[in-house]
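Each chain, written out:
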Amino acid sequence: MKEYLYNKKSIEELKADLQKENFKRVTYSFYKYVTIDQPEKFRDRLYKLCSKNNVLGRIYIANEGINAQLSIPEHNWTIFKDSLSRLEKLKKLQFKKAIEDGNSFLKLIVKVKKEIVAYNVDDNDVDMEVVGKHLSPQGFNEKIDQHNAVVVDMRNYYESEVGRFESAIAPNVATSRELLPAVKDLIKSHKKDPVLLYCTGGIRCEKASSYLIQNGFEDVYQLSGGIINYAHEVRSKKIKSKFKGKNFVFDARMGERVTSDIIGNCYQCGMRSDDHKDCNNDACHVLFIQCKDCEKEFLGCCSKDCMNFSKLSENERKKFRKDPNKIVYKKRYSMRALNSN
Ligand SMILES: [Zn+2]
Ligand SMILES: [Zn+2]
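This one's a predicted model, so the numbers in the text were calculated from it and none came from an experiment.

Remarks on the sheet that holds strand β7 (residues 150–153)
Argument step 1. Taking strand neighbours across the sheet as the criterion, the four strands line up as β6-β10-β9-β7 in an open arrangement whose pairing is parallel. With partners counted over all chains shown, the strands left at the sheet margins are β6 (133–135) and β7, one partner each. Averaged over all adjacent pairs, the angle separating strand axes in this sheet is 30°, with direction ignored.
Argument step 2. The pairing of strand β9 (residues 194–198) with strand β10 (residues 219–223) spans four bridges and is parallel. The residue of β10 that forms the bridge with Pro194 is Asp219.
Argument step 3. Contacts from helix α4 (residues 137–144) reach β6, β7, β9 and β10, with the element oriented near 135° to β9.

This is the structure in structure tokens:
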């Protein structure tokens, strides 16, 4: 019998499977920049190892390394961790436990990619042997207070809009592809100042710091282990959190609370809110912030148009999808959708 090395179940089946489980799952992430010569082979091996341990989540593998977010049955965690660490390429992995629990993933995806973070930068623009100095959460806090320090959020706008370091510059970009050139430009007058980078778990800063150093920035630092590790240490060591709000995560939970501050606003009414929603219109799916009141009023949709569409029968929705003049939904929420209401 042929062995299938990818998920074949429907969302409904997967949800039912998860509901039947009578054990707890834990969410962990890790990354490593390491040369992987045969990513396809490595991928199959990892897929088998994960399936065997009933691990769900998302793993990206490229020639430059590996990036993984995983939901693991708690009783399999030790065995799974040990078998990962036995793989030649994955020695000395640093696992980061999620800040908050919850069912993070429905299925297992293991993909081979060109890069583990889709920066799309030229190889000449980075040298992974020369990266920013790692700072502990405590060290990061101290460095922030230095008068000429520049703090940069190395994530997309929808991540920093619900949580960020108080004094951080948050680039208004929607993809990793746009991020590095945007940051280089935003901080171009700070080539000699301490530049402090942070992201969710550290992976994006690893390469971004190298890029900035190659582009003439002389004093570049990165928050070791990212916001995840920072949040853990803030709790365990009772350090003051200079990060406010939520840590956005790319799984079903969408965010983990770090502090009780709510720094975002509902896109529809402007009230304080930091709850990200995926528009309920299945032809739209735009990501936006919506407060509880607007969620009720718009039935979880981003606009009146989307709400009306989501009320149509499946047949009518099909007809619409075939219409050549149909609205093309945007990847990014636009304020125009609001004004047309
Ligand atoms: Zn609202
Ligand atoms: Zn919508």
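And the narrative resumes.
Here we look at the pairing of β7
Argument step 1. Residues of β7 alternate between two faces, with Val150 and Val152 on one and Val151 and Asp153 on the opposite face, all of them buried.
Argument step 2. One ladder, built from four bridges, connects β7 with β9; its direction is parallel. Opposite Val150, over in β9, you have Val195 as the bridge partner.

Re the coordination of the zinc ion (ligand 2)
Metal coordination angles have textbook ideals: 109.5 degrees for a tetrahedral set of four donors and 90 or 180 degrees for an octahedral set of six.
Argument step 1. The zinc ion (ligand 2) binds to the protein through Cys279 (SG), Cys284 (SG), Cys302 (SG) and Cys306 (SG), with metal-donor distances spanning 2.3 to 2.4 Å.
Argument step 2. Because the angles between the four donor atoms bound to the zinc ion (ligand 2) fall within 108 to 113°, the donor set is best described as tetrahedral.
Argument step 3. Residue Cys279 is classed as buried on the basis of its relative accessible area of 1%.
Argument step 4. Under the relative-accessibility criterion, Cys302 is labelled buried at 4%.

Notes on the domain arrangement of the protein
Argument step 1. Domains assigned within the protein are domain 1 (11–112), domain 2 (123–236) and domain 3 (276–339).
Argument step 2. Domain 1 and domain 3 are separated by 33 Å when their C-alpha centres are compared.

Observations concerning the coordination of the zinc ion (ligand 1)
Argument step 1. Around the zinc ion (ligand 1), the donor atoms from the protein are Cys266 (SG), Cys269 (SG), Cys291 (SG) and Cys294 (SG), and they sit 2.3 Å away.
Argument step 2. One can describe the site at the zinc ion (ligand 1) as tetrahedral: its four donor atoms subtend angles covering 106 to 115° at the metal.
Argument step 3. Donor residues binding the zinc ion (ligand 1) come from one chain and are separated in sequence as C-x2-C-x21-C-x2-C.
Argument step 4. In this structure Cys291 comes out as buried when scored by relative accessible area, which is 8%.
Argument step 5. Judged by relative accessible area, which is 4%, Cys294 ranks as buried.

Basis of the calculations
- Residues numbered from 1 in each chain as written.
- Chains lettered and ligands numbered in written order.
- Predicted model: local features only at pLDDT ≥ 70, side-chain atom pairs only at ≥ 80, totals over all residues.
- Heavy atoms only, no water.
- Pairing = 2+ DSSP bridges.
- Helix = DSSP H or I, 4+ residues; strand = E, 2+ residues; numbered from the N terminus.
- Axes fitted to C-alpha atoms, helices over the stretch in contact; angles between N-to-C directions.
- Contact = heavy atoms within 4.5 Å.
- Buried < 20%, exposed > 50% of the residue type's maximum accessible area, 1.4 Å probe, protein only.
- Donors = N, O, S within 2.8 Å, 3.2 Å for Na, K, Ca; no water.
- Tetrahedral: all angles 85-135°; square planar, octahedral: opposite > 155°, others 65-115°.
- Domains from an automatic or database assignment.

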